[in-house]
Amino acid sequence: MSAPVVILVEPQLAENIGMAARAMANFGLSELRLVAPKNGWPKKGVREAASGATHVLDGAKIYATLAEAIADLHHVLATTARERGQMKRVFAPDEAMTAVAERVGRGERIGLMFGRERVGLSNDEVSLADAIVTFPVTAEFPSLNLAQAVLLMGYEWRRAAGLATLRFSGELLSPPATREALLSLFASLEETLAGAGFYPPEKREIIARNMRDMLHRMAMTEQDVRTFRGALRTLSRRGSGSEES
């Protein structure tokens, strides 16, 4: 699936370009277009800020105007935190990327426009887009860092494209303990505790049952049982050694 193109309009700081490239790489976006970057290109410090996402920077293309940067695209979205008074559809990032994924599936090329760090996109630049994407931020502080905006759009793109699978999960690497293993553990634990004088004589059975219930609630694995029994063996050996001395 062809991912959307990220277009940064007149970015000013090398660090922001580098961090935007890093955000792109995090979520599988690789095509970066820069419109009239301040102080030219390449910028000192941009590669350090990219933190390894140099393939995005190496493939970046420079354009003199926004019109040139979007000329080959079929659909363009403008990101902004301000209401522009333009009769354009306005989307949240998740719904915007759902529509983008459908368009990409039909073979369309999509562009995501991001404005200058301080003032964002101009109204004329927004007018070149098909729709607006805005973020559900607080009214008291709606401004996002350039790389943050790219990150949010990249995240929603990956989700909408069906690519948002977790890199690892918390599934058990050891199978659940068998009843035989648990019963053996109970016996070892109770024997060790009795040898250490843990049980009051009149409450041994009640305490033992309560401890079995505690261990049942842990839903122990085979590895859990082996670890627990190993700890009990060590404690038993040390206890025997101290008595002999």
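Cut-offs applied
In this numbering scheme, every chain counts its residues from 1 along its sequence in written order. The predicted origin of the model limits local features to residues at a pLDDT of at least 70 and limits the giving and counting of side-chain atom pairs to 80 or more, whereas totals for whole chains, interfaces and linings rest on all residues. Side-chain descriptors were evaluated using all non-hydrogen atoms of the structure, hydrogens and water having been removed beforehand. Only buried Ala, Val, Leu, Ile, Met, Phe, Trp, Tyr and Cys residues count toward a nonpolar core, and they belong to the same one when joined by side-chain atoms within 4.5 Å. Whether a residue is buried, partly exposed or exposed follows from its accessible area with a 1.4 Å probe, protein chains only, as a fraction of its type maximum: under 20%, in between, or over 50%, in that order. Runs of E in the DSSP output that reach at least two residues are strands. Runs of H or I that reach at least four are helices, and both are numbered from the N terminus. By definition in these notes, contact holds between two residues if any of their heavy atoms fall within 4.5 Å. Multiplying one less than the number of residues by 1.5 Å gives the expected span of a helix. Note on method: axes are straight lines fitted to C-alpha atoms, helices fitted across the in-contact stretch only, with angles between N-to-C directions ranging 0 to 180 degrees. Here the angle decides the label: under 35 degrees means roughly parallel, over 145 means roughly antiparallel, 65 to 115 means roughly perpendicular, and every other value means oblique. Whether a crossing is left-handed or right-handed is set by the direction in which the near helix is turned from the far one by less than a right angle, anticlockwise for left-handed and clockwise for right-handed. When residue character is reported, Ala, Val, Leu, Ile, Met, Phe, Trp, Tyr, Cys and Pro are called nonpolar, Asp, Glu, Lys and Arg charged, and the others, Gly included, polar. UniProt positions are given in the numbering used here, feature names are shortened, and annotations may be inferred rather than shown by experiment. N or O atoms closer than or at 3.5 Å make up a polar contact, with two conditions inside protein: a donor-capable atom paired with an acceptor-capable one, and, for residues adjacent in sequence, both atoms drawn from side chains. At least two bridges found by DSSP between two strands are what make those strands a pair. Look down the strands so they point away from you; if the path from the first strand over the helix to the second goes clockwise, the crossover is right-handed.

### Things to note about the nonpolar core
Right, so step 1: Formed by 36 residues in total, the largest nonpolar core has its most connected members in Leu 8, Leu 32, Phe 114 and Trp 157.
Right, so step 2: With 6 residues, helix H1 (residues 14–26) is the largest single contributor of residues to this core.
Right, so step 3: Excluding residues within four positions of it along the chain, Leu 32 makes contact with Val 6, Leu 8, Ile 17, Met 24, Val 56, Leu 57, Gly 59, Ala 60 and Lys 61.
Right, so step 4: In terms of nonpolar packing, the next biggest core, distinct from the first, is built from 16 residues, Leu 66, Ala 69, Val 76 and Ala 78 among them.

### Concerning H1
Right, so step 1: Across its 13 residues, H1 extends 19 Å between first and last C-alpha, which sits within 8% of the 18 Å expected from 1.5 Å per residue.
Right, so step 2: Within the span of H1, buried status applies to Ala 14, Asn 16, Ile 17, Gly 18, Ala 20, Ala 21, Ala 23 and Met 24.
Right, so step 3: Looking at the buried residues of H1, the elements they touch are strand E1 (5–9), strand E2 (32–35), helix H2 (46–50), helix H3 (54–58) and helix H7 (146–160).
Right, so step 4: Where H1 ends, the next residue or the one after it, Gly 28, has phi of about 80°, a positive value.

### Thoughts on the packing of helix H5 (residues 93–105) against H7
Right, so step 1: Remark: H5 packs on H7, axes separated minimally by 8 Å, with the N-to-C direction vectors making an angle of 55°. Our classification of the angle between H5 and H7 gives oblique. Where H5 crosses over H7, the two elements pack in a sense that is right-handed. Side by side, H5 and H7 meet where Pro 93, Asp 94, Met 97, Thr 98, Val 100, Ala 101 and Val 104 of the first sit next to Met 153, Glu 156, Trp 157, Arg 159 and Ala 160 of the second.
Right, so step 2: Grouping the constituent residues of the contact of H5 with H7 by class yields 8 nonpolar, 1 polar and 3 charged.

### Let's talk about the UniProt feature "domain: tRNA/rRNA methyltransferase SpoU type" (unreviewed entry) in the protein
Right, so step 1: When the UniProt feature table is mapped onto this chain numbering, "domain: tRNA/rRNA methyltransferase SpoU type" (unreviewed entry) sits at residues 5–155.
Right, so step 2: What you have in residues 5–155 is 36% helix and 19% strand, and the ends, taken at the C-alpha atoms, are 14 Å apart.

### Some points on the packing of helix H8 (residues 179–195) against helix H9 (residues 204–217)
Right, so step 1: Axis separation between H8 and H9 bottoms out at 11 Å; the angle between their running directions is 140°. When the axis of H8 is compared with that of H9, the two are oblique. For the element pair H8 and H9, the recorded crossing hand is right-handed. Every residue of H9 that contacts H8 at Arg 179, Leu 182, Leu 185, Phe 186, Leu 189, Glu 190, Leu 193 and Ala 194 is listed here: Arg 204, Ala 208, Met 211, Arg 212, Leu 215 and His 216.

### A word on the side chain of Arg 33
Right, so step 1: The residue Arg 33 is located in strand E2 in this model.
Right, so step 2: Look at Arg 33 and you get buried, because its relative accessible area is 2%.
Right, so step 3: In this structure the side chain of Arg 33 is engaged in a polar contact, spanning 2.9 Å, whose partner is the side chain of Glu 31.
Right, so step 4: A polar contact of 2.8 Å, which involves the side chain of Arg 33, links it to the side chain of Asp 72.
Right, so step 5: If sequence neighbours within four positions are ignored, Arg 33 has contacts with Val 5, Val 6, Ile 7, Leu 8, Lys 61, Tyr 63, Ala 69, Asp 72, Leu 73 and Arg 109.

### What about the pairing of E1?
Each regular strand displays side chains that alternate between the two surfaces of the sheet.
Right, so step 1: Along E1, 5 of the 5 residues are buried, which leaves the element largely enclosed by surrounding structure.
Right, so step 2: In E1, alternate side chains face the same way, and those of Val 5, Ile 7 and Val 9 on one face and Val 6 and Leu 8 on the other are all buried.
Right, so step 3: Of the pairings in the sheet, the one linking E1 to strand E6 (residues 110–114) comprises 4 bridges and is parallel in character. For Leu 8, the partnering residue across the bridge sits in E6 and is Phe 114.
Right, so step 4: When E1 meets E2, the two strands line up parallel, connected through 4 bridges. Bridging from a neighbouring strand, Leu 8 pairs with Leu 34 of E2.
Right, so step 5: For the segment spanning E1, H1 and E2, crossover handedness is right-handed.

### Some thoughts on unusual backbone geometry
Right, so step 1: The peptide bond linking Trp 41 to Pro 42 adopts the cis configuration, its omega dihedral lying at 5°.
Right, so step 2: Counting through the fold element by element, Pro 42 comes out in the loop between E2 and H2.
Right, so step 3: Phi at Asn 39 is positive, roughly 65°, even though this residue is not glycine.
Right, so step 4: Structurally, the position occupied by Asn 39 is in the loop between E2 and H2.

### Examining the environment of Arg 226
Right, so step 1: Residue position: Arg 226 is located in helix H10 (residues 222–244).
Right, so step 2: Of the residues examined, Arg 226 reaches a relative accessible area of 47% and is grouped as partly exposed.
Right, so step 3: For the pair formed by Arg 226 and Glu 117, sequence separation is 109 residues and the distance between their alpha carbons is 57 Å.
Right, so step 4: In this structure the side chain of Arg 226 is engaged in a polar contact, spanning 2.9 Å, whose partner is the side chain of Gln 223.

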